[in-house]
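Report on the structure
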Amino acid sequence: MRRAISVFLAVPLVGLVGLLAQERPDESVFWKIRQEGTSRSQILPTLHVLTDVYGPRLTGSPNLKGAGEWALEQMKAWGLKNGHLEPWDFGHPGWLNERFTAHITSPVRDALVAEVLAWTPGTNGVARGAAIQITLPLRPTQAELTAFLDTLKPAVKGKMILVGPHQQLLVTFNPVPLRREDSDVIAQLNATPQAPGGPPPAAQAPPLQAPPLQAPPSQAPPSQTPRPLTGVQIDEHVNRFLLANGALVRINDAGRDHGQIRAFDNRTHDISTAPPTVVMRNEDYGRISRLLADKRAVELEFEIVNRTYPEGRTSYNVIAEIPGSDKADEVVMLGGHLDSWHAGTGATDNGIGSAVMMEAARIIAAIGVKPRRTIRVALWSGEEQGLLGSQAYVKEHFGTFEAQKPEYARFAGYFNIDSGTGRARGLTVFGPPAAATVLREATVSFKDLGLLGATTTRTRATGGTDSTSFNAAGLPGINALQDPIQYQTSTWHTNLDTYERIVEDDVKKSAIVIAAAVYHVAMRDELLPRFSKEEMPRPPAPPPPPQTPAPSSGAAPSRTN
């Protein structure tokens, strides 16, 4: 899930009486939804297959395609129709790590804990070599980095290279709450809006730095100093240097406590551009770093077996429907991204989101109601690489507000969930206040399950999660706000993102609430209110090239949820 923060537009808790008089929810159907979702939930069996059988589900991998094919068969068994895999052009081969072992063999023998960086090569058998540690200059120019690395050429051949200092992590004495207070949720739902686009992004962290082998900073006057390299440029330059000079394995510090590892990717998606690379847990990286600081010889051993899949250049979104009746040509969508990163099995990000939305559709199908509009489930791929699957779908089917396709006018809304196992606490819709009023009033009877209301956003910027692909087109994307439940602190994109981190009661509640909201939108006389031509926010200007953090955690741009 991409961690951009939506902006919110306050919605009055009273008003629009004429509209609300038409919006009386069907509480008899809502009672059936509660009973089905509580007594016969299929969320955990679904998640088990998505994570334990097919996880991790990296975009372009056979795991992800297998998960999509299984999801289609499961939804067909539940009574959904028109199921298919809808292709889009990823443009890169798929990649999987098949085998990985890591050990320190001198001055002590022990196993090491690490994760392989995606789209990097294997070791071609067991690789053994001495460890050395290098630390890059602070914000170097091209010339400074080249000069620094040139001094290391004789040292790296046949070696295991620790890139960067050991990151010192402070003990957390005040843990982050697992739940959100109701008052906090309500305050967010009624926050003062920002103008579309918001403030400029905060400055990004500089490249790694530390005492060992440190190059001196340039002394040239600022007016004559060349522009420093970005984190991406530094990362690519270091990879080329290590490849050209025969390094065996690159080792990055995960930089997180309690053994957490976030391993992202070689951004080029071309294994020929990087050496075998691992992200090592901070505790093991620190041990090796301290041994090297003692002037002790450290020997390491790695075996990495990776495989690429040329067919992964075509990726797929998973689509299935509950056909509508008198308004069948209009569509209400719900979904989440099925792809994941590869350090864990992709449970909280976002196997559980996919399972919740599949369950919401199953509930509606199981209780035997006939929606007026078609209800369409979409499980996206390519989210973690930048919302690629959902953007391709929106472009193909709907276009944009400025260049609309025929389906654009018949679209009722897209519901999205993508922040872990926490129960849904509120809904955020791209649209005018009246759109949030519809959702808030439709779900008012679910406060006992934790849902406290709805609000709006006006921003058309993409980022964070797949609902923003719809927002960017000027369509009503609807994203769920959730309780955190260790998401940002422990499981998001880490090796701890597994089935065991799911709270069953929370995800059951989310599925019930989403099913009710989707059903209500599918049954209304009118589509959800949208911005008029005069009210529609302008799309944002193209963003500047991203300034990325240093490569210690596998070098990733603003990562998705």
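I will try to describe carefully the structure that is included in this document. (Residues numbered from 1 in each chain as written. Predicted model: local features only at pLDDT ≥ 70, side-chain atom pairs only at ≥ 80, totals over all residues. Heavy atoms only, no water.)

Membership of the largest hydrophobic core comes to 67 residues, with the highest contact counts inside it found for Ile33, Met75, Leu334, Phe415 and Leu427. Per element, the largest residue contribution to this core is 12 residues, and it comes from helix 15 (residues 504-523). In contact with Ile33, not counting residues within four places along its chain, are Ile363, Ile367, Ile512, Ala515, Ala516 and Tyr519. The next biggest cluster of nonpolar side chains, apart from the first, holds 29 residues, and it includes Ile104, Met160, Tyr285 and Leu291. (Core = buried A, V, L, I, M, F, W, Y, C linked by side-chain atoms within 4.5 Å. Buried < 20%, exposed > 50% of the residue type's maximum accessible area, 1.4 Å probe, protein only. Helix = DSSP H or I, 4+ residues; strand = E, 2+ residues; numbered from the N terminus. Contact = heavy atoms within 4.5 Å.)

The subject of this paragraph is the sheet that holds strand 5 (residues 126-134). Taken together, the 8 strands give an open sheet; going across it, the order is 3-2-9-5-6-7-8-4, and neighbouring strands pair in mixed fashion. Pairing within the sheet leaves two strands with one partner each, and these edge strands are strand 3 (110-111) and strand 4 (114-116). Sheet topology note: the strand 5/strand 6 (residues 160-163) ladder contains 4 bridges and is parallel. In the strand pairing of strand 6, Ala131 is matched with Met160. (Pairing = 2+ DSSP bridges.)

The first and last C-alpha atoms of helix 10 (residues 347-366) sit only 25 Å apart over 20 residues, clearly below the 28 Å expected at 1.5 Å per residue. The buried count for helix 10 comes to 18 of 20 residues, which makes it a mostly enclosed element. Looking at the residues trailing helix 10, positive phi occurs at Gly368, about 80 degrees. (Expected span 1.5 Å × (residues − 1).)

Before going further, it helps to spend a moment on the pairing of strand 7 (residues 249-253). Among the 5 residues in strand 7, 5 count as buried, and that is most of the element. A two-sided burial pattern is seen for strand 7, the buried positions comprising Val249, Ile251 and Asp253 on one face and Arg250 and Asn252 on the other. Examined bridge by bridge, strand 6 and strand 7 share 3 bridges and lie parallel to one another. Looking at strand 7, one finds that Leu162 is bridged to Ile251. The sheet contact formed by strand 7 and strand 8 (residues 277-280) spans 4 bridges and is parallel. Opposite Ile251, over in strand 8, you have Val278 as the bridge partner.

Once that is clear, we can look at the packing of aromatic side chains. Per the counting criterion, the structure on display carries 15 aromatic pairs. Summarising the aromatic geometry, the rings of Phe411 and Phe470 are spaced 5.4 Å apart at their centres and angled 10 degrees between planes, so their arrangement reads as stacked. Separated by 59 residues along the polypeptide, Phe411 in strand 13 (residues 411-416) and Phe470 in helix 13 (residues 467-472) bring together distant segments of the chain. Judged on exposure class, the residue Phe411 and its partner Phe470 are both buried. Taken together, the ring pairs connect Trp380, Tyr393, Phe398, Phe411, Tyr414 and Phe470 into an aromatic cluster. (Phe/Tyr/Trp six-rings, centres within 6.5 Å; stacked < 30°, edge-to-face > 60°.)

Moving on, we get to the pairing of strand 11 (residues 327-337). In terms of residue burial, strand 11 counts as a mostly covered element, since 9 of its 11 residues are buried. Where strand 11 meets strand 12 (residues 373-380), 8 bridges bridge the pair, whose relative direction is parallel. Bridge assignment links Gly335 to a residue of strand 12, and that residue is Ala378. What joins strand 11 to strand 12 is helix 10, and the crossover it makes is right-handed. (Right-handed = clockwise from strand over helix to strand, strands pointing away.)

The subject of this paragraph is unusual backbone geometry. Cis geometry marks the peptide bond from Gly55 to Pro56, where omega comes out at -10 degrees. Following Asp349, the chain continues into Asn350 via a peptide bond in cis, with omega recorded as 0 degrees. For Trp119, which is not glycine, the phi torsion reads 55 degrees and is therefore positive. By the secondary structure assignment, Trp119 is in the loop between strand 4 and strand 5. Judged by relative accessible area, which is 0%, Trp119 ranks as buried. For Ile485, which is not glycine, the phi torsion reads 40 degrees and is therefore positive. Along the chain, the position of Ile485 falls in the loop between strand 16 (477-482) and helix 14 (487-491).

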